[in-house]
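# Tertiary structure, described
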Amino acid sequence: MHPSLQPSRPIRELPDELISQIAAGEVVERPASVVRELVDNALDAGASQITLRLLAGGVRLISVEDNGVGIPAAELPVALKRHATSKIDSLHELESVGTMGFRGEALAAIHSVSELSLLSRTAAQDSAMLLDGRSGELQPVARAQGTTVEVKELFYSTPARRKFLKTDNTELAHCVEAIRRHALTRPEVGFAIWHEGKLVEQWRAQQGDGALDRRLADVLGEDFVRDSVPVHYQSGHLTVVGRAGIPDAARARSDHQYAYVNGRFVRDKVMSHAARSAYEDVLHGQRQPVYALYLEIDPTRVDVNVHPTKIEVRFRDGREVHQAIRHAVENALAIPRATLLGDGMPELASLASGVPLGAPTAAPVLRPSAPTWPQANWQQAAMPLSGNRVSDVGQLWQPSVRPPPMAQEDPSAFAVTPANPPQLPDGDWPLGRALAQLHGIYILAENTQGLVLVDMHAAHERIVYEQLKQQMDVQAMASQPLLIPATFTATAQEVATAEACAEALLVLGLEVSALSAKTLAVRAVPTSLAQGDAVALARSVLAELSQHDASTVVQRARNELLATMACHGAVRANRRLTLDEMNGLLRQMEVTERSDQCNHGRPTWRQLSVRELDALFMRGR
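Quick look at the structure, then. Since this is a predicted model, take the numbers as computed values, not measurements.

The secondary structure content of the protein chain amounts to 20 helices and 24 strands. In the protein chain, buried positions account for 48% of the 621 residues. Counted over contacts in the protein chain with a minimum sequence separation of 6, partners at least 24 positions apart contribute 68%. As presented, the protein chain carries roughly 30,100 Å² of accessible surface, and 53% of it is formed by carbon and sulfur atoms.

And the structure:
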């Protein structure tokens, strides 16, 4: 008989044990889920040291020990009841929750599918008390202040769930990853992981300045810190800190992407899309960036109560979060890594970012502004654009009597506002001084570290591209009305997004209105994209707006056009350059945003240290 044709049963309340087992299906997916919930409680208790002990990948035993404030003996039996918690007491506290846990169902759910015992002692107690979850008996035992939760024989009461678990090593890897996510956001807490009596991982507590960087190095490796740049951005009530990996450190998988909201690890489409969009024109192919980003936001502006495992959140204003994350990462990546070489780093880095090093920024850097010196038609006299020979960086900023070739239609639209040329002593240029040209493709330069190899076409392509972007950013996003509106059949989601995000669409230069419940009309598009497919552009923008509360489709399409222009405007291979022209190109690279990668994400220069050169010739052996 088909299940739907079975005799109907009366509606009745489910027993508490079955309710808890159903809840456990949401909260407890595998041993790592138990580890995550128990460590959340330990951190909420103010622990400074947490030890995890496992047997059989956590299936036979999960023991979490901490030195937190402990649980009073009278509250131990209550802790195992459903929806019992000390974290919140009202709706107001739920809407502004600042603790890791708050739902009050984790211990009850874990207890329903395992053999659980709870051992705890507060500072006011003479001895610790042990609660047997199965019998409910309390007995005094010896223990220092803190709490130990032991979970044995996970899923013993639901054998079908146990069959879905993987091998012990796989489950152990998931448990270690759960601890790793906590360790990355709480450097002041020490963590130790034991498996089958052997120490697997240990991360000691870090204090003082640089604690987060030291913890990142301990957990993710020294390579992560070496191949990443610091992130520090503040806008209103939003603060973003952390580290963003350089494009060269990108991976084939997205397994080194860590995003946190108020100290809580989350998987959020808005944040991941914002971070990925910041890497759009510096990553090659489908490589995935690496980063550890920490967003601090008013708790009332984010809802963490949207998923039983608390790994998903919902922002009140996703667009402001998207912009903050994107600008934070863009600003961090904008400073050329050449500024980190040599003694000239502080001066050049400050010049490249537009602000003193280490200072938080509230908007993308290096944006043209109105000049305060006598008016002149300034242009960055790059060697292939003007034909000038350049002997030092001061000559890169000379007034020109003719407009740049790339601005033939409207010279004023492409005027570049120059920065003050940096003044450094001879020999302190980060990319050094040109020695020669190799096969008409590469520039060889000498700096204090050793030898620098530069792909001159890729480097100059990025310089021209960044100039074009800056010049376009000076102009507002102009919109061109269509003579005949482009209509298309739209889904209900697209119609709803077009109506809800009308202002955001106008900012992007698009005007999309509803003709009916199933039809949208594109009435205007950005002027720079007027020759493209208006319907395809509108659909792409609406799709991103519906998923991420923000869209980079228009900017991406515009940048693709500018990248094509830059590619054709850059110096070509086999073009013979003088030493002065080569030095001019190196100086421009040192002050141009994102000059370490070309428009397609490929590197523009490489450093070979003297030690590496010595190794090639076995010197010193």
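With that settled, the discussion passes to the sheet that holds strand β4 (residues 128–132). The strand order across the open sheet formed by 8 strands is β5-β4-β3-β6-β2-β1-β7-β8, and the pairing between neighbours is mixed. The sheet is open, and its two edges are formed by β5 (138–141) and β8 (198–203), each paired on a single side. Averaged over all pairs of adjacent strands, the angle between their axes in this sheet comes to 15°, without regard to strand direction. One ladder, built from 4 bridges, connects strand β3 (residues 115–121) with β4; its direction is antiparallel. In the sheet register, L118 faces β4, and the bridge partner there is L131. With respect to the sheet, helix α2 (residues 31–44) is in contact with β1 (49–55), β2 (61–66), β6 (146–152) and β7 (190–195), its orientation differing from that of β2 by roughly 15°.

The next thing to look at is unusual backbone geometry. The phi dihedral of A56 falls on the positive side, at around 55°, and the residue is not glycine. Along the chain, A56 turns up in the loop between β1 and β2. By relative accessible area, A56 is classed as buried at 8%.

Now for the sheet that holds strand β22 (residues 511–516). Pairing within the open sheet is antiparallel, and its 3 strands lie in the order β21-β23-β22. Either end of the sheet is taken by a strand with one partner, and the two such strands are β21 (479–489) and β22. When strand polarity is set aside, the average angle formed by the axes of neighbouring strands in this sheet is 20°. Where β21 lies against strand β23 (residues 519–526), 7 bridges are found, and the strand directions are antiparallel. Opposite S479, over in β23, you have P526 as the bridge partner.

Moving on: the pairing of β1. Note: β1 against β7, 6 bridges, orientation parallel. In the sheet register, I50 faces β7, and the bridge partner there is F191. The antiparallel pairing of β1 with β2 creates a hairpin that spans 5 residues between the two strands, and A56 there sits at a positive phi of about 55°.

Attention now moves to the side chain of K469. Assignment of secondary structure puts K469 in helix α14 (residues 456–474). Judged by relative accessible area, K469 falls into the buried class, the value being 9%. What K469 contacts, discounting residues up to four positions off in sequence, is D281, R462, R558, N559, L562 and R594.

Let us look at the packing of aromatic side chains. Tallying each qualifying case throughout the model produces 3 aromatic pairs. A ring pair is formed by Y260 and Y294, whose centres lie 4.9 Å apart and whose planes are at 10°; its orientation type is stacked. Remark: Y294 occurs in strand β13 (residues 291–296) and Y260 occurs in strand β11 (residues 257–261); sequence separation between them is 34 residues. Given the relative accessible area of 7%, Y294 is considered buried. Members of the aromatic cluster, joined through ring pairs, are Y258, Y260, F265 and Y294.

We now examine the environment of V304. Within the secondary structure, V304 sits in the loop between β14 (302–303) and β15 (314–315). Assessed through its relative accessible area of 9%, V304 is described here as buried. In this structure, the C-alpha to C-alpha distance between V304 and F315, residues 11 residues apart in sequence, is 8.8 Å. Not counting chain neighbours up to four residues away, the residues in contact with V304 comprise V97, F102, R264, K310, E312 and V313.

With that out of the way, let us pick up the environment of H439. Within the fold, H439 resides in the loop between β18 (433–438) and β19 (442–446). Sequence-wise, H439 and R575 are 136 residues apart; in three dimensions their C-alpha atoms are separated by 9.4 Å.

Rules used throughout
Residues numbered from 1 in each chain as written. Predicted model: local features only at pLDDT ≥ 70, side-chain atom pairs only at ≥ 80, totals over all residues. Heavy atoms only, no water. Helix = DSSP H or I, 4+ residues; strand = E, 2+ residues; numbered from the N terminus. Buried < 20%, exposed > 50% of the residue type's maximum accessible area, 1.4 Å probe, protein only. Contact = heavy atoms within 4.5 Å. Areas by Shrake-Rupley, 256 points an atom, 1.4 Å probe, with all protein chains shown as cover. Pairing = 2+ DSSP bridges. Axes fitted to C-alpha atoms, helices over the stretch in contact; angles between N-to-C directions. Phe/Tyr/Trp six-rings, centres within 6.5 Å; stacked < 30°, edge-to-face > 60°.

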